[in-house]
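Spelled out, the chains give:
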Amino acid sequence: MCGIVGYTGPRDAGPVLLDGLRRLEYRGYDSAGIALVTESGDLFVEKRAGKVAVLQDAMGDHPPRAGIGLGHTRWATHGRPSDLNAHPHSDCTGRITVVHNGIVENFRELRDELKAGGHTLQSETDTEVVAHLVEDAYAGDLADAVRVALARLEGAYALVVLHRDEPERLVGARLNAPLIVGIGAGESFLASDAAAIVAYTKQVIFLADGDVADVTPGGAVITDLSGAVVERKIDIIPWSVEAAEKGGYEHFMLKEIHEQPAALTSAMTGRLRHDSVCLEELDPIRDRLTGIDRVELIACGTAYYASLVGAALFQEWLGVPARSTVASEFRYSPPPINARTLVVAVTQSGETADTIAASRLAGDRGALVISVTNTVGSAITRESHAAVFLQAGPEVAVAATKTFVTQVATLVMLAADVAHHLGRLPAAKEQELVAALRRLPEQAERAIELAATTEEMADRYAEAAGFMYIGRSFGYPAALEGALKIKEISYLHAEGYAAGELKHGPISLLDADVPLVAVATRSAVYEKLISNLMEGKARDARVLAVATEGDTQIEQLATDVLWVPDTLEPLSTILAVIPLQLFAYHVAVKRGRDVDQPRNLAKSVTVE
Ligand code: G6P
């Protein structure tokens, strides 16, 4: 949700910032802008509605040389996407310029106050007030002025501020939105995430909420809002820039689908011991886990669908009530929570505002909070007593793929680990599970190979009026996620439904133009699912079934079949979703959609 990058050092800042913006574009892409202090000391600002490529065209082949600058790619909250509302925003003097990710909630009040004080504000954004507040507070020291301005803000922010007259200095600040400092050799960076700067340095400081970073080419001084220096350690980014590039694939989404076998291997690395599962991250909280009598999972979007698998397994293996709730609902209608409640927050980015707020609420009420995230150093890790990482590597496409399968695998391991340590998972069952987990990467590879047929199938389905996806039990989250992929990237309507509910309403949508996509892998509810599939077939709907290799019955019933290898039921969600991802991908390509950056979406949503 908005990408920020800043640079100060000996390189030419313009190309560094444009490169960073391209890598951050998945965070938001309705407008982009850049500010540079040129070698002659002028402030150069260029900003455009549209993608970073539009900004680059506007800047031409020879943007002014500069040693410092900042850039922004936007996902609009306040003020529609336009050249004027694009960031950076400047003060009345044109000396101070600001980029921002988040929402200044009291911006109306601040605007009125600033206007009454003689300021002229140009845009409809909340961000612009920050530039003018810094202008009022400025008395020769940018970091001091930013701290004064921040004291006036309510809401969430990651900010970078630049003053033309201090041409080596960037000031960054964060509260409930991500910001990192990159430390290079004689050069420094600020960025929303590591993807923007990993080509230049792997040494980063993950800023904490309330931090203000005073950044110069020689490094960074971090203070709190009062100006007292705080110590922050330097972390090393464990992946290289190639991991965040397309590597010969046409789209990031396709690359990330193909990375799933390796991502699953990585997610399991160090966590399978002979015949048991062990997540070392839980060691410090084992005492508290023994008293757990209820499990609440919270998440948004794709992570929510993954969390449904976790809830089913916690309930089955621990024998305690467990359920999953979308974080934005959990917050405003929370269940009873106490010290015996385990809350598992699932979030790829670790920065989804609703998931963070729900976790905080649960923690404040005494729950034990575990986060499951792909992002080391992210905000959710500070809201939880233990963090379990997906280890999936960076995911760039807006539509999640490899992080869904690794979320499911990690939640399976988490539930198994807790059940094991509470003595509730029979050894034979755990042994069987570990063996199935070990087979999973190879089976995911096979599922990708088998799904080669989706490209040709997409020709026949791309003009459908809509889709109905159904599944039961562990097939249900796969149906929900399959439908979400279609919606996100092809802009076709798709419903994901519990198969047993089909007859209670949505069946009226089925006809020759609305195919039924049925997750019909081998399971205890297979026969029931087949009955639902037949209900669709009887309404003239074409039936596309996801089925287990070797199922001869389904071939007679379905119009088309997508085959997946056999596995344990709790792991079947992982394999069943793979052909559905590829199906959605090829339908979207056929429909000429922007697969990696679909309209209206952003990869991480840092507003509530
Ligand atoms: C956005 C993304 C989704 C994602 C959801 C939750 O809506 O477009 O792909 O599933 O946020 O993100 P998280 O980072 O919390 O998993």
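The present account deals with the structure reproduced in this document. Numbers given to residues run from 1 along each chain, matching the order in which its sequence is written. Given that the model is predicted, a residue must reach a pLDDT of at least 70 before its local features are reported, and side-chain atom pairs must reach 80 or more before they are shown or counted; all residues, however, enter totals for whole chains, interfaces and linings. Water and hydrogen atoms play no part in the side-chain values, which are based on all heavy atoms of the structure.

1. Observations concerning the sheet that holds strand β19 (residues 341–347)
For step 1, the next point in the chain: Here, any two strands with at least 2 DSSP bridges between them count as paired. Elements are defined by DSSP. Helices are runs of H or I of four residues or more, strands are runs of E of two residues or more, and each kind is numbered from the N terminus. With parallel pairing, the five strands of this open sheet are ordered in space as β18-β17-β19-β20-β21. Both edges of this open sheet fall to β18 (322–326) and β21 (386–389), since each of them pairs with a single strand only. Put simply, the sheet's adjacent strands are angled 20 degrees from each other on average, direction ignored.
For step 2, the next point in the chain: Inspection of the sheet shows β19 paired to strand β20 (residues 368–373) by six bridges, in the parallel sense. By the bridge assignment for β20, A345 is matched with S371. A fitted line through C-alpha atoms represents every axis, and for helices the fit uses only the stretch in contact; the resulting angles, taken between N-to-C directions, go from 0 to 180 degrees.

2. Remarks on the nonpolar core
For step 1, the next point in the chain: Only buried residues count toward a nonpolar core, which is a set of Ala, Val, Leu, Ile, Met, Phe, Trp, Tyr and Cys residues joined through side-chain atoms within 4.5 Å. Each residue gets one of three labels from its accessible area relative to the maximum for its type: buried under 20%, exposed over 50%, partly exposed in between, using a 1.4 Å probe on protein chains only. If you look at the biggest cluster of nonpolar residues, it comprises 108 residues, and the most contacted ones within it are L282, V295, F314, V344, L414, F467 and Y469.
For step 2, the next point in the chain: Per-element accounting of this core gives the leading share, 13 residues, to helix α19 (residues 569–590).
For step 3, the next point in the chain: Throughout, a residue-residue contact means that at least one pair of heavy atoms, one from each residue, lies within 4.5 Å. Residue contacts for V344: discarding those within four places in its chain leaves V295, E296, L297, I298, F314, I370, V372, L411 and L414.
For step 4, the next point in the chain: One finds V5, V16, L18 and A32 within the second-largest nonpolar core, a separate group that totals 26 residues.

3. What about the site of the ligand?
For step 1, the next point in the chain: We call a residue near a molecule or strand whenever a single non-hydrogen atom of that residue lies within 4 Å of it. With respect to spatial proximity, 13 residues lie near the ligand, and among them T347, Q348, S349, T352 and A602 are the closest.
For step 2, the next point in the chain: Nitrogen and oxygen atoms within 3.5 Å of one another constitute a polar contact, given that in protein one can donate a hydrogen and the other can accept it, and given that sequence-neighbouring residues count only through two side-chain atoms. Within the backbone of T302, an N or O atom sits 2.9 Å from an oxygen atom of the ligand.
For step 3, the next point in the chain: Measuring from an oxygen atom of the ligand, one finds a side-chain N or O atom of S349 at 2.6 Å.
For step 4, the next point in the chain: Surface exposure here means Shrake-Rupley accessible area, sampled with a 1.4 Å probe, where a residue is shielded only by the protein chains that are shown. In isolation the ligand offers 390 Å² of accessible surface; the protein chains occlude 89% of this area.
For step 5, the next point in the chain: Space inside and on the surface of the protein is sampled on a 1 Å grid over the protein atoms alone, with a cavity defined as a set of points where a 1.4 Å probe fits but cannot get out and a pocket as an open set with protein on both sides within 12 Å along at least 5 of 7 lines; lining residues have an atom within 4 Å of a point. Any molecule with more than half of its atoms within 2 Å of a cavity's or pocket's grid points is counted as sitting in it. A molecule is said to occupy a pocket when more than half its atoms come within 2 Å of that pocket's grid points, and by this definition the ligand occupies the second largest pocket.
For step 6, the next point in the chain: It is helix α9 (residues 301–318) that provides the largest number of residues to the shell around the ligand, a total of three residues.
For step 7, the next point in the chain: Ten residues, namely Ala, Val, Leu, Ile, Met, Phe, Trp, Tyr, Cys and Pro, are considered nonpolar, four, namely Asp, Glu, Lys and Arg, are considered charged, and the remaining ones, Gly among them, are considered polar. For the shell around the ligand, the class distribution of residues is five nonpolar, six polar and two charged.

4. Quick word on the pairing of strand β2 (residues 31–38)
For step 1, the next point in the chain: Among the eight residues of β2, eight are classified as buried, and the element is accordingly described as predominantly covered.
For step 2, the next point in the chain: By the alternation rule, side chains of β2 split into S31, G33, A35 and V37 and A32, I34, L36 and T38, which are all buried.
For step 3, the next point in the chain: Pairing analysis gives seven bridges linking β2 to strand β3 (residues 43–49), with the strands arranged antiparallel. Paired with G33 across the two strands is K47, which belongs to β3.
For step 4, the next point in the chain: With antiparallel pairing between neighbouring strands as the criterion, β2 and β3 make up a hairpin whose turn holds four residues, including G41 at a positive phi of roughly 90 degrees.
For step 5, the next point in the chain: The pairing of β2 with strand β4 (residues 66–74) spans eight bridges and is antiparallel. Note on β4: the bridge partner recorded for V37 is I68.

5. Notes on helix α15 (residues 454–461)
For step 1, the next point in the chain: Within α15, burial applies to T454, M457, A458 and Y461. Angular distribution of buried residues about the axis of α15 spans 110 degrees; they occupy a single face of the element.
For step 2, the next point in the chain: Of the surrounding secondary structure, the elements contacted by the buried residues of α15 are β22 (467–471), β25 (543–548), β26 (560–564) and α19. Summarising the geometry, the arc corresponds to the directions from the helix axis toward the C-beta atoms.

6. Observations concerning the sheet that holds β3
Adjacent strands of a sheet pair through backbone hydrogen bonds, lying either parallel or antiparallel.
For step 1, the next point in the chain: Here eight strands make up an open sheet; going across it, the order is β3-β2-β4-β1-β10-β9-β11-β14 and the pairing antiparallel. Whereas interior strands pair on both sides, the edge strands pair on one side only; in this sheet they are β3 and β14 (235–236).

7. What to know about the side chain of R111
For step 1, the next point in the chain: As for its position among the elements, R111 is in helix α3 (residues 107–116).
For step 2, the next point in the chain: Charge assignment in this entry is limited to Lys and Arg as positive and Asp and Glu as negative, and neither His nor the chain termini are counted. For salt bridges, the criterion is a side-chain nitrogen of Lys or Arg within 4 Å of an Asp or Glu carboxyl oxygen. Despite its burial, R111 pairs with no opposite charge, the nearest such side chain being E128 at 4.7 Å.
For step 3, the next point in the chain: A polar contact of 2.9 Å, which involves the side chain of R111, links it to the backbone oxygen of S123.
For step 4, the next point in the chain: Sequence-distant contacts of R111, defined by excluding residues within four places in its chain, comprise L121, S123, E124, T125 and V129.

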